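Architecture and fold: a report
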Amino acid sequence: MPAYRAGRAVVSADGRSYKLSSNESPYGPLPSVVEAIARATSEIHRYPDPGAAGLTAALADRHGVSAEHIALGAGSVTVAQQLFETVGEPGAEVVYAWRSFEAYPVLADLAGATSVTVPLLEERHHLEAMAEAITPRTRMVFVCNPNNPTGTAVHGAELEAFLDRVPEDVLVVLDEAYREYVRDGDVTDGLAVYRGRPNVAVLRTFSKAYGLAGLRVGYLIADGPVAEAVRKATVPFAVNHLAQAAAIASLAAEKELLERVETVVKERERVREALIAQGWTVPVTEANFVWLRLGERTADFAGACAAEGVAVRPFAGEGARVSIGTPEANDTFLAAAGAFRGL
Ligand SMILES: Cc1ncc(COP(=O)(O)O)c(C=O)c1O
């Protein structure tokens, strides 16, 4: 079984450390969110609300969906695990692109499902090949949009054409962990797609744009029977009390948080353009990271960045994913990337 490898931190010889390896928000929590967490600490001798009624109601309100269409988990990766557990049984196939989010093969193995991976085409999901990979044994398809680690996003028209080809008893999960960073108007919001299709589920998280990676809250929005099945597959009390309080406060502070996202998006464009000016090929990214296909040079590149205190996420023999951080972190990374090219 593959083990999940999390992004690491590094420190340069002169003590600098920029963690661009886990696609986290570079900003600390907002004061209003810290206050909500502090208030909630007085109640942590009690179990959390197992149904997370307050957070579910806030999300239902935020997205204009019924509370029955929502399932929560300790991070969207846990919700993904609940999905895999729901469909997983010997012989059940789950189709996803590769390379994509590193947790998928782990979750498939844990659930006893068979992974059917479809290679990316020019760093993008090859939806036609994915449709062709569906067999009578296929129970679920994951579409990571935007894709981790390449940052590329599927367009609405190609997604609709793909969904038209998927049998209605196969669940399609749109993993939208990075949705808030999408600026390409041709990339459809999964929530608009799910409304017309009972076999489409959308995964979202508070870990990235909302800056709550350390508290672990994510959710699924899908038709009633799918959301109900995913709720049943949970471990009781998975979403802790502080996480519920912080997520509710983050929804209330959404405007401020999304302004930060806008800053990250501007930095993303600056970083990508600077890399291209250095001579790198960088796919258009709709997420909070960039992808460099380095092949055999990947480990050397990650080492060169680490020497400058910049932790990137290397995938040996393939490439490196680099999260967008503060301007200072990004400048340090750009200097390391330029030096690697001898600039
Ligand atoms: C595509 C994708 N989905 C899901 C997750 C899981 O995020 P979390 O469990 O923190 O919500 C990640 C995290 O990196 C991701 O990249």
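Read on for a plain summary of the structure. (Residues numbered from 1 in each chain as written. Predicted model: local features only at pLDDT ≥ 70, side-chain atom pairs only at ≥ 80, totals over all residues. Heavy atoms only, no water.)

1. Regarding the overall build of the chain
Each helix and strand in the chain was counted, giving twelve helices and twelve strands. Computed over the C-alpha atoms, the radius of gyration of the chain is 20 Å, within 12% of the 20 Å expected from 2.2 N^0.38 for a compact globule of 343 residues. In terms of overall dimensions, the chain has a C-alpha envelope of 55 × 55 × 40 Å along the principal axes. Within the chain, the proportion of its 343 residues that are buried is 54%. The contacts of the chain with a sequence gap of at least 6 include a subset with a gap of at least 24, amounting to 73%. Side-chain charges in the chain split into 32 positive and 43 negative, and the spacing between the mean points of these groups amounts to 3 Å. (Helix = DSSP H or I, 4+ residues; strand = E, 2+ residues; numbered from the N terminus. Rg over C-alpha atoms; globule rule 2.2 N^0.38 Å. Buried < 20%, exposed > 50% of the residue type's maximum accessible area, 1.4 Å probe, protein only. Contact = heavy atoms within 4.5 Å. Lys, Arg positive; Asp, Glu negative; His and termini not counted. Charge placed at Lys NZ, Arg CZ, Asp CG, Glu CD.)

2. So, the site of the ligand
In the vicinity of the ligand there are 13 residues, among which Ser 76, Tyr 178, Thr 205, Ser 207 and Arg 216 approach most closely. Between an oxygen atom of the ligand and a side-chain N or O atom of Asn 148, the distance comes to 2.7 Å. In this structure, Asp 175 approaches the ligand through a side-chain N or O atom, which is 2.8 Å from a nitrogen atom. Summarising the interface, the protein chains cover 93% of the accessible area of the ligand, which totals 400 Å² for the free molecule. For the shell around the ligand, a count of residues per class yields five nonpolar, five polar and three charged. (Near = heavy atom within 4 Å. Polar contact = N/O pair within 3.5 Å; in protein donor to acceptor, adjacent residues only side chain to side chain. Areas by Shrake-Rupley, 256 points an atom, 1.4 Å probe, with all protein chains shown as cover. Nonpolar A, V, L, I, M, F, W, Y, C, P; charged D, E, K, R; others polar.)

3. Side note on the nonpolar core
Counting 83 residues, the largest nonpolar core has Phe 162, Phe 206, Leu 275 and Phe 333 as the members making the most contacts within it. It is helix H9 (residues 241-252) that contributes the most residues to this core, seven residues altogether. Dropping the residues within four chain positions of it, Phe 206 is found in contact with Leu 55, Leu 59, Gly 211, Leu 212, Ala 213, Val 217, Tyr 219, Ala 247, Ser 250 and Leu 251. Core analysis: the second largest hydrophobic core is formed by 27 residues, Leu 107, Met 140, Cys 144 and Val 230 among them. (Core = buried A, V, L, I, M, F, W, Y, C linked by side-chain atoms within 4.5 Å.)

4. Section: the packing of aromatic side chains
Evaluation of the coordinates by the stated rule reveals 15 aromatic pairs. Look at Phe 206 and Tyr 219: their rings are 5.8 Å apart centre to centre, the planes differ by 45°, and that puts the pair in the tilted class. Here the residue Phe 206 occupies a position in the loop between strand E7 (200-205) and strand E8 (218-221), and Tyr 219 occupies one in strand E8, the gap between them amounting to 13 residues. With 6.1 Å between their ring centres and 55° between their planes, Trp 291 and Phe 315 make a pair best called tilted. Note that Trp 291 is positioned in strand E9 (residues 289-292) and Phe 315 in strand E11 (residues 313-315), a separation of 24 residues in sequence. You'll find Trp 291 and Phe 315 in the same group, each marked buried. Its end group placed over the ring of Phe 289, Arg 321 keeps NZ or CZ at 5.8 Å from the ring centre. (Phe/Tyr/Trp six-rings, centres within 6.5 Å; stacked < 30°, edge-to-face > 60°. Lys NZ or Arg CZ within 6 Å of the ring centre and 35° of its normal.)

5. Observations concerning the pairing of E7
Burial analysis of E7 places six of its six residues in the buried class, which makes it a mostly covered element. Here E7 shows a buried face lined by Val 200, Val 202 and Arg 204 and a second buried face lined by Ala 201, Leu 203 and Thr 205. Handedness of the crossover joining strand E6 (residues 171-175) and E7 through helix H7 (residues 190-196) is recorded here as right-handed. Sheet analysis places E7 next to E8, joined by four bridges and oriented antiparallel. The residue bridging Val 202 from the neighbouring strand is Ile 221, located in E8. (Right-handed = clockwise from strand over helix to strand, strands pointing away. Pairing = 2+ DSSP bridges.)

6. Description of H9
With twelve residues, H9 should cover 16 Å at 1.5 Å per step; its first-to-last C-alpha distance of 17 Å lies within 8% of that length. Where burial is concerned, most of H9 is hidden: nine out of the twelve residues are buried. Those residues of H9 hidden inside the fold are in contact with helix H1 (31-40), helix H2 (53-63) and helix H10 (254-278). Where H9 begins, the capping side chain belongs to Asn 240, and its oxygen is found 2.9 Å from the backbone nitrogen of Leu 242. (Expected span 1.5 Å × (residues − 1).)

7. Considerations on the side chain of Arg 313
The residue Arg 313 is located in strand E11 in this model. A polar contact of 2.5 Å, which involves the side chain of Arg 313, links it to the side chain of Glu 102. Once you skip the residues sitting within four places of it in the chain, Arg 313 turns out to touch Arg 5, Ala 6, Gly 7, Leu 20, Ser 21, Glu 102, Gly 319, Ala 320 and Arg 321.

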